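Residues per chain, in single letters:
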Amino acid sequence: MVIPTVLSSIFLISLISHPALAQTPNSQTASAGVNHAEPRFASSSDIGRQPVSSQSKAEAKRLYKEGVKYIRGGLFRQAVAILSRAVDLNPEYADAYYGLGYSYFELRQWRKARESLRELLKVNPKHSEGQSLFSLVASIEDSMQRSSESRSLERSEERRVGK
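### Comments concerning the nonpolar core
- Ranked by internal contacts, the top residues of the largest apolar core, which has 30 residues, are Phe105, Leu120, Leu133 and Val137.
- The set of elements that each furnish at least two residues to this core consists of helix H2 (54–72), helix H3 (76–89), helix H4 (94–106), helix H5 (110–123) and helix H6 (128–162).
- A total of 8 residues in this core trace back to one element, the largest contributor, which is H4.
- Not counting the four nearest positions on each side in its chain, Leu120 is found in contact with Ala94, Tyr97, Tyr98, His127 and Gly130.

See the structure below:
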């Protein structure tokens, strides 16, 4: 319970102190137009892709700011939809990957959180908050895997003893 609170605080502090997050006027945040597409993560075939246009970068930045507003409001599903569009437009946008990973973390979608954070660390291996959250997600997944295996062994033992 303490870890999510601490992470929320760290995330919000990093967002507030980030210079690129100045308020944008007339930003539309209605969820009716939200595209719920999953993000398309970069692959080895993307290595030779075209550079991102300045228009795409500007739109990705606008979407990122909108996604941050959703995160601050606790609307993580909406944040995922918006931030997914941002990373689709600019696959090099580290902060958008972090917001996406954080949103998935809050939604307890560990695999998607790990994938987003892995992409973030490909773009910026020194992103300290991303490293921390990636480690936390990995430890949660490991713990859940061990717990699942333990329950499976217990059921097997109960069946064996019960027969």
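### Points about unusual backbone geometry
- A positive phi angle is found at Arg108, which is not glycine, with a value near 60°.
- Structurally, the position occupied by Arg108 is in the loop between H4 and H5.
- Residue Arg108 is classed as exposed on the basis of its relative accessible area, which comes to 61%.

### Looking at the side chain of Ser103
- Take Ser103: it is sitting in helix H4.
- Leaving out residues up to four positions away in the same chain, Ser103 has contacts with Ile71, Phe76, Ala79, Val80 and Leu83.

### Examining the confidence of the model for the chain
- Looking at the chain as a whole, the pLDDT averages 79, with 67% of positions reaching at least 70.
- Counting interchain partners and residues more than four positions distant, the pLDDT-below-50 stretch residues 16–37 has 33 contacts.

### Some remarks on the packing of H2 against H3
- Two elements in contact, H2 and H3, have axes separated by 8 Å at closest approach and are oriented at 165°. With respect to each other, H2 and H3 are oriented roughly antiparallel. Relative to H3, the crossing made by H2 is left-handed. Residue-level contacts link Ser56, Glu59, Ala60, Arg62, Leu63, Tyr64, Glu66, Gly67, Tyr70 and Ile71 of H2 to Phe76, Gln78, Ala79, Ile82, Leu83, Arg85, Ala86 and Leu89 of H3.
- Residues of the contact of H2 with H3, tallied by class, amount to 11 nonpolar, 3 polar and 4 charged.

### Digging into H3
- For H3, with 14 residues, the first-to-last C-alpha span of 20 Å sits near the 20 Å given by 1.5 Å per residue.
- Restricting attention to buried positions, one finds in H3 the residues Phe76, Ala79, Val80, Ala81, Ile82, Leu83, Ser84, Ala86 and Val87.
- Its buried side turned inward, H3 meets H2 and H4.

Criteria and cut-off values
- Residues numbered from 1 in each chain as written.
- Predicted model: local features only at pLDDT ≥ 70, side-chain atom pairs only at ≥ 80, totals over all residues.
- Heavy atoms only, no water.
- Core = buried A, V, L, I, M, F, W, Y, C linked by side-chain atoms within 4.5 Å.
- Buried < 20%, exposed > 50% of the residue type's maximum accessible area, 1.4 Å probe, protein only.
- Helix = DSSP H or I, 4+ residues; strand = E, 2+ residues; numbered from the N terminus.
- Contact = heavy atoms within 4.5 Å.
- pLDDT = per-residue confidence, 0-100.
- Axes fitted to C-alpha atoms, helices over the stretch in contact; angles between N-to-C directions.
- Parallel < 35°, antiparallel > 145°, perpendicular 65-115°, else oblique.
- Left-handed = near helix turned anticlockwise from the far one by under 90°.
- Nonpolar A, V, L, I, M, F, W, Y, C, P; charged D, E, K, R; others polar.
- Expected span 1.5 Å × (residues − 1).

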